[in-house]
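Results of the structural survey
Each chain is listed here by its residues.
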Amino acid sequence: MIRTLLLLSIVLFWGCGETEPRKPIQVKSGSFYENSIERSKKLLQQEEQLILAFIQRDSMNSYSISNNGFWYKFETKNETSDYELKTDDEVLLTYTLMSFNNDTLYSSDNIGIVQHAIDKSQLFPGLRNAVKLLKEGEKATFLFPSSQAYGYKGDDNKIGPKTPIISSLELLKILNKKDSLN
């Protein structure tokens, strides 16, 4: 009996020692992220070359580059309005989406009239920023690299992954002007 208690005490004493954490099998470095950044830069460079070639072929029009990394040209200008859209303004707009092969992916008839709250709606990033460049009644064509469009995923329908797109966007009406002192 004493031997059993002694043996049990030794086992308990031995088992109560500090546990050592397991070491990771594989140490990860930042190389995955570095490679991803390099792939993204290379893709953007290729898409920019495609866009610039498109602009060069459309020599009758003058394109501007936005601060957000897409190009645009105005089709219809509103010279009388000086109101600039602000966050939470609500607008009605229509747009089409086309490929750089001039295939219509989504027409404005398919999409319909969209009610959009500035900086709040579920439009893709480029379109959210593009609408802020327009005034009521203006129409413009925008050239978006895939990073400003549907990115690495596409839209799971007609727009594939890593696809730059062209959009013709018209701001029909400003429904609700929010003052900047909200």
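Scroll up to find the structure this text is about.
With 27 residues, the main nonpolar core has Val-91, Tyr-95, Phe-142, Phe-144, Ile-165 and Leu-169 as its most contacted residues. If you list the elements that add at least two residues to this core, you get strand 3 (90–98), strand 4 (104–106), helix 4 (125–130), strand 6 (139–144) and strand 7 (165–176). With residues near it in sequence (within four places) discarded, Phe-144 still touches Ile-51, Phe-70, Phe-100, Phe-124, Gly-126, Leu-127, Ala-130, Ala-149, Pro-164, Ile-165 and Ser-167. Counting nine residues, the second largest nonpolar core, distinct from the first, contains Ile-51, Ile-55, Leu-143 and Ile-166.

A rise of 1.5 Å per residue sets the reference length of helix 2 (residues 31–57), with its 27 residues, at 39 Å; its end C-alpha atoms lie 39 Å apart and thus fit the reference within 8%. Of the positions making up helix 2, those classed as buried are Leu-43, Glu-47, Ile-51, Phe-54 and Ile-55. Buried residues along helix 2 sit in contact with strand 2 (71–76), strand 6 and strand 7.

The next subject is the side chain of Ser-66. Residue position: Ser-66 is located in the loop between strand 1 (64–65) and strand 2. For Ser-66, a relative accessible area of 11% gives the class buried. Residues in contact with Ser-66, not counting those within four places in the same chain, are Tyr-72 and Leu-133.

Thresholds, definitions, all that
Residues numbered from 1 in each chain as written. Predicted model: local features only at pLDDT ≥ 70, side-chain atom pairs only at ≥ 80, totals over all residues. Heavy atoms only, no water. Core = buried A, V, L, I, M, F, W, Y, C linked by side-chain atoms within 4.5 Å. Buried < 20%, exposed > 50% of the residue type's maximum accessible area, 1.4 Å probe, protein only. Helix = DSSP H or I, 4+ residues; strand = E, 2+ residues; numbered from the N terminus. Contact = heavy atoms within 4.5 Å. Expected span 1.5 Å × (residues − 1).

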